[in-house]
Amino acid sequence: SGKDMRLVAEQTSYLVGKGVDATDDSAKYVWNEDLEGCTVKALFIGRNETEDGIGFVESISKENGAIGVVLDKTNYYGESGGQTYDIGSIKTSSGASIQINNTQIYGSFVLHLGVVTEGAVTVGDAATCCVDYVRRAPIAANHTMTHILNFALKDVLVTKSTEDQHGVTVDQKGSLVDENKLRFDFSWNGPLTAEQLAAVEQICVSQIASAIPVDNFVAPLETAQKISSLRAVFGEVYPDPVRVVAVSPTPITSILENPQDGQWNSYSVEFCGGTHLKNTSEAEGFVLLSEEGIAKGVRRITGVTMKDAAIATAAAAEFEAKVTEAGKLVGLELEAQVKLLTVELEGLSISAAKKMQLRETIGAFGKQVVAWKKKHAAEQTSKVCDQVVEAASSTEGNKVVVRCDFGLDGKVAKAVTTAYGKKVKDKALFLVSADESADSFLVIAFAPKGMKDVDCKAWVNAATEGTGGKGGGKKDSAQSRVSGVGSIDGVLVKARSF
């Protein structure tokens, strides 16, 4: 909007001075219910948008553009703790409607940001809050699965690791959850292996399949801190009492009765003020998309749940089917598929562990292609060599001119002339090989060791004169590449008459 819609000290002091109480946002944990009986306490049109510069007005309408609303109570979740804000609408008893596009917390006030779509809103109006719960569902799924991911990382990298970690542990360094993804930053000293990523992902998936209840309870901080499996953010100052969120079949009240019991180590327990699922099964699915380093000793994992997880899983299955089909091919056909699949794989949004595994499979295909090319080149060399040696034995004089197509591979040409030199000592060779698809051909002239009476460079130059061929060489070995297979016959005629 171009307007400054922040509430800084000046604005929050103004609200306190006007006797506006802190917003009661306890209803943000309620699902699928509009919150009725709210009262409009303040209307904001932006800093420096009013004469006093503070930005509060008595009424708003469409004409005001971007606006902010403070209510006495709300069921909207204001952006905090790494979780994105709720959106939706606010309707007043006078028939006005506000589209809410953002919700922020400033001090003890929740500011609903958006635009008036119908009517006018006045301070004191009765209002109903209508949160977009369809959008909130994947946010909650991503938030709950971030807790499970945090638990899974410690379980795989520390608790069940076969290596001595020398006191190193996995600590949360930041997180972000919205309707599209979850992002989790944690302390670790290097990239995770494909096996570790797969193990972490599998724990998350199995906890969804196990349909574990997600419980929350507000408890005294001192009591809650005694829970053996608690994952708290180092250096974070928590409120007292504190909200505990546990992904556990045992209710938090029972956990608090015996907080040091080792059985809680099998479940995720964290302090958190976010909105969560009621049961892990509601996440539907989980895919760990990527793992990367973002700073020294800090890694970042990105994952998805619900329909995004289903899309990623389907994309992986579809691509894996293509890889399986490619595995049935050989030679140049396989080489073409390896090139296509390599590019396609890098652009895919699929499980990171699966991507590593597929990359390995395609890499193995690449090695198969190299081996095939080696074998094919050896077979081709042997075949061409037999042909030129046979031609030499049935040709009079000290020169033999042969056309034998093996493409434009200089390595094959070199191998042929070397093999030829070992078998034929008294005849110089002039060899032509065409690649019809490239509309080019290779010309090679070679004189076995000790043959001084044939100048190969002069021979190639004379035969390819006027063709625009490019090449070079010496007296005993020369070659040229010529564009246009139409001139082959003329080159062969000149070579024979040299």
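Located above this text is the structure these notes cover.
Residues numbered from 1 in each chain as written. Predicted model: local features only at pLDDT ≥ 70, side-chain atom pairs only at ≥ 80, totals over all residues. Heavy atoms only, no water.

**Here we look at the nonpolar core**
One recurring pattern in soluble globular proteins is that nonpolar side chains are buried together. To keep it simple, the criterion reads: The nonpolar core is taken to be a set of buried Ala, Val, Leu, Ile, Met, Phe, Trp, Tyr and Cys residues, with the residues joined through side-chain atoms within 4.5 Å. Each residue is assigned to one of three classes by its accessible area relative to the maximum for its type, calculated with a 1.4 Å probe on protein chains only: buried under 20%, partly exposed between the two thresholds, exposed over 50%. Numbering of helices and strands runs from the N terminus, with a helix taken as a DSSP run of H or I at least four residues long and a strand as a DSSP run of E at least two residues long. Whether two residues touch is decided by their heavy atoms; if any such pair falls within 4.5 Å, the residues are in contact.
One finds Leu-149, Leu-153 and Phe-186 to be the most contacted residues of the largest nonpolar core, which totals 57 residues. Among the elements that make up this core, the one with the highest residue count is helix α2 (residues 133-159) (11 residues). Leave out the neighbours within four places in its chain, and Leu-153 touches Val-158, Val-170, Phe-184, Phe-186, Leu-192, Val-200 and Ile-301. Counting 22 residues, the second-largest nonpolar core is a separate cluster that includes Val-401, Ala-445, Ala-478 and Val-491.

**So, the side chain of Arg-135**
The residue Arg-135 is located in helix α2 in this model. The contacts of Arg-135, once residues within four sequence positions are left out, are Thr-84, Tyr-85, Asp-86, Ile-87 and Glu-179.

**As for helix α11 (residues 488-496)**
Worth spelling out the cut-off: Working note: the arc is built from the helix axis to C-beta atom directions.
Among the residues of α11, those classed as buried are Ile-488, Val-491, Leu-492 and Ala-495. Taken end-on, α11 shows its buried residues confined to a sector of 100 degrees, consistent with a single buried face. For α11, exposure combined with an orientation more than 90 degrees from the buried face picks out Asp-489 and Val-493. Contacts made by the buried residues of α11 are with β17 (399-403), β18 (428-435), β19 (440-446) and α10 (456-463).

**Observations concerning the packing of aromatic side chains**
We apply this condition: For this analysis, a ring pair means two rings from Phe, Tyr or Trp (six-membered ring only for Trp) whose centres lie within 6.5 Å, classed as stacked if their planes differ by under 30 degrees, edge-to-face if by over 60, and tilted for the remaining angles.
By the definition in use, this model includes eight aromatic pairs. Relative to Trp-459, the ring of Phe-430 lies with its centre 5.2 Å away and its plane at 50 degrees, an arrangement referred to as tilted. With Phe-430 in strand β18 and Trp-459 in helix α10, this pair connects stretches of sequence that are 29 residues apart. We classify Phe-430 as buried; its relative accessible area is 0%.

**Observations concerning the pairing of β18**
The condition is simple: Here, any two strands with at least 2 DSSP bridges between them count as paired. A clockwise course of the path from the first strand over the helix to the second, judged with the strands pointing away from the viewer, identifies a crossover as right-handed.
Of all eight residues in β18, seven are buried, a share of seventy percent or more. In the sheet, β17 pairs with β18 via five bridges, with the strands oriented parallel. Following the sheet pairing, Lys-399 is matched in β18 by Ala-428. Handedness of the crossover joining β17 and β18 through helix α9 (residues 410-423): right-handed. Bridge count between β18 and β19: seven bridges; the pairing is antiparallel. Within the sheet, the bridge partner assigned to Phe-430 lies in β19 and is Ala-445. Where β18 hands over to β19, the hairpin turn is made up of four residues, of which Asp-439 adopts a positive phi near 50 degrees.

**Describing the pairing of strand β15 (residues 286-295)**
Pairing of β15 with strand β16 (residues 298-305), which is carried by eight bridges, proceeds in the antiparallel orientation. Bridge pairing in β16 links Gly-293 to Arg-299. Taking the residues that link successive antiparallel strands as the turn, the β15-β16 hairpin has two residues, and the phi of Gly-297 there is positive, at about 75 degrees.

**Quick look at the environment of Glu-222**
With respect to the element layout, Glu-222 can be found in helix α4 (residues 221-224). Since its relative accessible area comes to 59%, Glu-222 is described here as exposed. Taking the C-alpha atoms as reference points, Glu-222 and Pro-241, 19 residues apart in sequence, are found 8.6 Å from one another.

**Some words on the sheet that holds strand β13 (residues 242-247)**
As a reminder of what qualifies: A fitted line through C-alpha atoms serves as each axis, taken over the contacting stretch for helices, and the angle formed by two N-to-C directions is quoted from 0 to 180°.
Ordered by their spatial adjacency, three strands build an open sheet running β12-β13-β14, and the pairing between neighbours is antiparallel. Unpaired on one side and paired on the other, β12 (214-219) and β14 (268-271) mark the two borders of the sheet. Going across the sheet, the axis of each strand differs from the next one's by a mean of 20 degrees, ignoring polarity. Where β12 meets β13, six bridges bridge the pair, whose relative direction is antiparallel. By the bridge assignment, Phe-217 is partnered in β13 with Val-244. Packing of α2 onto the sheet brings it into contact with β12, β13 and β14, and relative to β14 it is tilted by some 115 degrees.

**Things to note about unusual backbone geometry**
Backbone torsion omega between Asp-240 and Pro-241 reads 5 degrees, so that peptide bond is classified as cis. Mapped onto the elements of the fold, Pro-241 is located in the loop between α4 and β13. In this structure, Met-306 is a non-glycine residue whose phi angle is positive, near 50 degrees. Along the chain, the position of Met-306 falls in helix α6 (residues 306-326).

Keep in mind these numbers describe shape, not what the thing actually does.
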